[in-house]
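# An overview of the molecular structure
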Amino acid sequence: IDKEIANTPDDLHNHIIVGYIDVLLRFCQRFYNRHFLTRKLENNDVLARFQSVLAEYFKTGLQEKKGLPSIQYIADKLCMSPNYLGDLIKRATGESSGFHIRAYAVQEAKNALGAGLSVSETAYKLGFDYPQHLSGFFKKQTGMTPSEYQKQLK
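Residues numbered from 1 in each chain as written. Predicted model: local features only at pLDDT ≥ 70, side-chain atom pairs only at ≥ 80, totals over all residues. Heavy atoms only, no water.

## Digging into the packing of aromatic side chains
How two aromatic rings sit relative to each other is given by the distance of their centres and the angle of their planes. On inspection of all chains with the given rule, the structure shows five aromatic pairs. With centroids separated by 5.9 Å and ring planes inclined at 70 degrees, the aromatic side chains of Tyr57 and Phe58 adopt a geometry described as edge-to-face. For the pair Tyr57 and Phe58, a shared accessibility class is recorded, and that class is buried. With a centroid separation of 5.2 Å and 40 degrees between ring planes, the pair formed by Phe58 and Tyr104 is classed as tilted. Of this pair, Phe58 sits in helix α3 (residues 40-59) while Tyr104 sits in helix α7 (residues 97-114); the two residues are 46 residues apart in sequence, bridging distant segments of the chain. By the burial criterion, Phe58 is buried, and Tyr104 matches it. Grouping aromatic residues by their ring pairs yields a cluster made of Tyr57, Phe58, Tyr73 and Tyr104. (Phe/Tyr/Trp six-rings, centres within 6.5 Å; stacked < 30°, edge-to-face > 60°. Buried < 20%, exposed > 50% of the residue type's maximum accessible area, 1.4 Å probe, protein only. Helix = DSSP H or I, 4+ residues; strand = E, 2+ residues; numbered from the N terminus.)

The structure is reproduced here in structure tokens:
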């Protein structure tokens, strides 16, 4: 074996090493994927905690200072990596973690607009720098502007 290691590598040597690395990575991917299948109950708990962190973020008014929460912020609160949390949310719900954050923000906007706040007040309450940013965000998510939403409510 020592003689084999001491020899200068040839093309087949490199292909063999790449093959071993490929097998190792595939095994790791298989293990990672099985992790999601075998832990459905724990994943549901993480989803509930994800929603709880979102609710707390808005309840304490952090969105007014920092804007919408990032997946990094939520992952830090849940003591997970953002990539792992994102994968977990995606596999459990079929939607990205960003989708859930935006959906929560849209619901908060709808609640504020339904309570009679103006578009500007709602925008600043949700942490948008300008009302136009809320309008663009809201329209992209719902297909209508906040003003149209308010008119629809009346």
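From this point on, the discussion continues.
## Some thoughts on unusual backbone geometry
Unusually for a residue other than glycine, Cys79 sits at a positive phi of about 55 degrees. Counting through the fold element by element, Cys79 comes out in the loop between α5 (71-77) and α6 (82-93).

## Digging into the side chain of Gln150
Within the secondary structure layout, Gln150 lies in helix α10 (residues 146-153). Residue classification places Gln150 among the buried residues on the basis of a relative accessible area of 19%. The residues contacting Gln150, other than those within four sequence positions of it, are Leu113, Leu117, Ser118 and Val119. (Contact = heavy atoms within 4.5 Å.)

## Things to note about the packing of α7 against helix α9 (residues 131-142)
Across the interface, α7 lies against α9 with an axial gap of 10 Å and an inter-helix angle of 110 degrees. The angle between α7 and α9 places the two elements in the roughly perpendicular class. Classified by chirality, the crossing of α9 by α7 is left-handed. On the side of α7, the interface is formed by Arg102, Ala105, Val106, Ala109, Lys110 and Leu113, while α9 contributes Leu134, Phe137, Phe138, Gln141 and Thr142. Across the contact of α7 with α9, the residue classes break down as seven nonpolar, two polar and two charged. (Axes fitted to C-alpha atoms, helices over the stretch in contact; angles between N-to-C directions. Parallel < 35°, antiparallel > 145°, perpendicular 65-115°, else oblique. Left-handed = near helix turned anticlockwise from the far one by under 90°. Nonpolar A, V, L, I, M, F, W, Y, C, P; charged D, E, K, R; others polar.)

## What about the pattern of salt bridges?
Within the structure shown, the criterion is met by two salt bridges. Two residues, Arg26 and Asp22, come together in a salt bridge whose shortest N-O distance is 2.9 Å. Here Asp22 and Arg26 lie together in helix α2 (residues 11-38), a separation of four residues that amounts to about one turn. Arg26 sits in the exposed class, given a relative accessible area of 58%. For Asp22, a relative accessible area of 35% gives the class partly exposed. (Salt bridge = Lys/Arg side-chain N within 4 Å of Asp/Glu carboxyl O.)

## Here we look at a nonpolar patch on the surface
Judged by side-chain polarity, Leu12, Ile16 and Tyr20 come together as a nonpolar surface patch covering roughly 380 Å² of accessible area. Position of Leu12 relative to the elements: it lies in helix α2. (Patch = residues over 30% accessible without salt bridge, like charges linked within 9 Å, V, L, I, M, F, W, Y side chains within 5 Å. Areas by Shrake-Rupley, 256 points an atom, 1.4 Å probe, with all protein chains shown as cover.)

## Focus on the nonpolar core
Phe50, Leu54, Phe58, Ile74, Leu78, Leu85 and Leu134 are the most contacted members of the largest nonpolar core, which has 30 residues in total. Where this core is concerned, the elements lending two or more residues are α3, α5, α6, α7, α8 (119-125) and α9. With residues up to four places along the chain from it excluded, the contact list for Leu54 reads Pro69, Ile74, His100, Ile101 and Tyr104. (Core = buried A, V, L, I, M, F, W, Y, C linked by side-chain atoms within 4.5 Å.)

## Structural notes on the side chain of Glu108
Note on placement: Glu108 falls in helix α7. Once residues lying within four places of it in the same chain are set aside, the contact partners of Glu108 are Phe58 and Leu126.

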